[in-house]
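What follows is the residue order along each chain.
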Amino acid sequence: MKPKQTLLLILALTSITSCVYQPTMVDIPLISQKHELRVDAGVSIIPAVNATVSYGLTDKLAIQTYLNTNTYDSYYLQGAVGYYKNLGNNKIMEIYGGFGSGEGDAYSDANPGNLKGNYQSYFAQFNMGSINGRFAHMESGFGIKTGMLHSNMTDMNYYDKTYPLSTSHINYSDNSFLFEPTFFFRFGGERLKVNFKMGGCWMYKFTNIDKYFPYSRLNLGIGLNYNLK
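Everything numeric here is computed off the predicted structure, so don't read it as measured data.

**What to know about the overall build of the protein chain**
In step 1: Tallying secondary structure elements over the protein chain gives one helix and 11 strands in all.
In step 2: Scanning the protein chain from its N terminus toward the C terminus, one meets helices and strands in the order α-β-β-β-β-β-β-β-β-β-β-β.
In step 3: Within the protein chain, the proportion of its 229 residues that are buried is 43%.
In step 4: Contacts spanning at least 24 positions in sequence make up 61% of the contacts within the protein chain whose residues lie at least 6 apart.

Written out as structure tokens, the structure reads:
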């Protein structure tokens, strides 16, 4: 595939800005010791800014918080507690469990209408990666997040395609299985690095399966990552 075609494909996949949920650009910190602090902040190609703070609470336990917000008055905030282990040869494994909450708004162009509401996620995430690379202190790895997304959305002529537009609003409460893989690499100085992320998302609805839940399947991010040990 030519570079121009690749760029057009990426833009097409990530141009769904009118979505309730998007793949999170949460940092994969790879905590390696007690009192280690990671601060990550950046932007994503789906217009949003995000920040993550991770901290090694003990020799085995870490805590993490993440915030994502965009230009459409939507946000997502999550917190997690995790277990980390240095496997040797600069290989780090992490397992987190947590809870997230957010609000989102999707707009339909075909028949003007909105789908707006809030959602909560209950998740577990497995991270694996390497730190302290020889070239530019390179670090890389991946994370796999799975869990349940519970949403409470109000349909303001988003699903309803009748005309004229209805003035009545319908509420939908849904549960969906959530699967999010994330890949990253960062490089730079010993403490401050440039961070690149690519995240994907796949959902399977258990309820109201005839109503598509608007979410983005791909997201790309860039930011700065600061590490203090």
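So much for the structure itself; the text now carries on.
**So, a nonpolar patch on the surface**
In step 1: The grouping of Phe99, Tyr122, Ile144, Met148, Phe177, Phe179, Trp202, Tyr204 and Phe206 at the surface amounts to a nonpolar patch, some 860 Å² of accessible area in total.
In step 2: Of all the secondary-structure elements, those providing two or more residues to the nonpolar patch are strand 7 (139-156), strand 8 (170-188) and strand 10 (202-205).
In step 3: Looking at where Phe177 falls in the secondary structure, it is placed in strand 8.

**Regarding the nonpolar core**
In step 1: If you look at the biggest cluster of nonpolar residues, it comprises 25 residues, and the most contacted ones within it are Tyr21, Met203 and Phe213.
In step 2: Elements with a contribution of two residues or more to this core: strand 3 (61-70), strand 4 (75-88), strand 5 (91-108), strand 6 (113-130), strand 7 and strand 8.
In step 3: In contact with Phe213, other than residues within four places in its own chain, are Val20, Tyr21, Leu149, Ser151, Met153, Tyr159, Met203 and Lys205.
In step 4: Core analysis: the second largest hydrophobic core is formed by five residues, Ile28, Leu30, Ile92 and Ile131 among them.

**Observations regarding unusual backbone geometry**
In step 1: For His35, which is not glycine, the phi dihedral falls at a positive 70 degrees.
In step 2: Along the chain, His35 turns up in the loop between helix 1 (3-14) and strand 1 (37-44).
In step 3: The class of His35 is partly exposed, set by a relative accessible area of 45%.
In step 4: Although it is not a glycine, Asn89 sits at a positive phi angle of roughly 55 degrees.
In step 5: Checked against the element boundaries, Asn89 lands in the loop between strand 4 and strand 5.

**Overview of the state of the cysteines**
In step 1: Tallying each qualifying case throughout the model produces zero disulfides.
In step 2: As a non-bridged cysteine, Cys201 has Cys19 as the owner of its nearest cysteine sulfur, 9.5 Å distant.

**Points about the environment of Met138**
In step 1: Tracing the chain through its elements places Met138 in the loop between strand 6 and strand 7.
In step 2: Each residue touching Met138, except ones within four places of it in the same chain, is listed here: Ser130, Ile131, Asn132, Gly133, Phe185, Arg186 and Phe187.

**Section: the pattern of salt bridges**
Opposite charge on two side chains permits pairing when their charged atoms draw close.
In step 1: Enumeration over the complete set of coordinates arrives at eight salt bridges.
In step 2: We note a salt bridge from Lys205 to Asp174, for which the minimum N-O separation is 3.3 Å. One end of the pair, Lys205, is in strand 10; the other, Asp174, is in strand 8, and 31 residues separate them in sequence. A single burial state applies to Lys205 and to Asp174, both of which are buried.
In step 3: Residues joined by salt bridges that share partners form a network here, namely Asp27, Glu36, Arg38, Glu139 and Arg186.

**Some thoughts on the environment of Thr146**
In step 1: On the secondary structure map, Thr146 appears in strand 7.
In step 2: Through-space distance from the C-alpha of Thr146 to that of Cys201 is 9.9 Å; in sequence the pair is 55 residues apart.
In step 3: Not counting residues up to four positions away in its chain, the partners in contact with Thr146 are Tyr122, Phe123, Ala124, Phe177, Leu178 and Phe179.

What counts and how
- Residues numbered from 1 in each chain as written.
- Predicted model: local features only at pLDDT ≥ 70, side-chain atom pairs only at ≥ 80, totals over all residues.
- Heavy atoms only, no water.
- Helix = DSSP H or I, 4+ residues; strand = E, 2+ residues; numbered from the N terminus.
- Buried < 20%, exposed > 50% of the residue type's maximum accessible area, 1.4 Å probe, protein only.
- Contact = heavy atoms within 4.5 Å.
- Patch = residues over 30% accessible without salt bridge, like charges linked within 9 Å, V, L, I, M, F, W, Y side chains within 5 Å.
- Areas by Shrake-Rupley, 256 points an atom, 1.4 Å probe, with all protein chains shown as cover.
- Salt bridge = Lys/Arg side-chain N within 4 Å of Asp/Glu carboxyl O.
- Core = buried A, V, L, I, M, F, W, Y, C linked by side-chain atoms within 4.5 Å.
- Disulfide = S-S within 2.5 Å.

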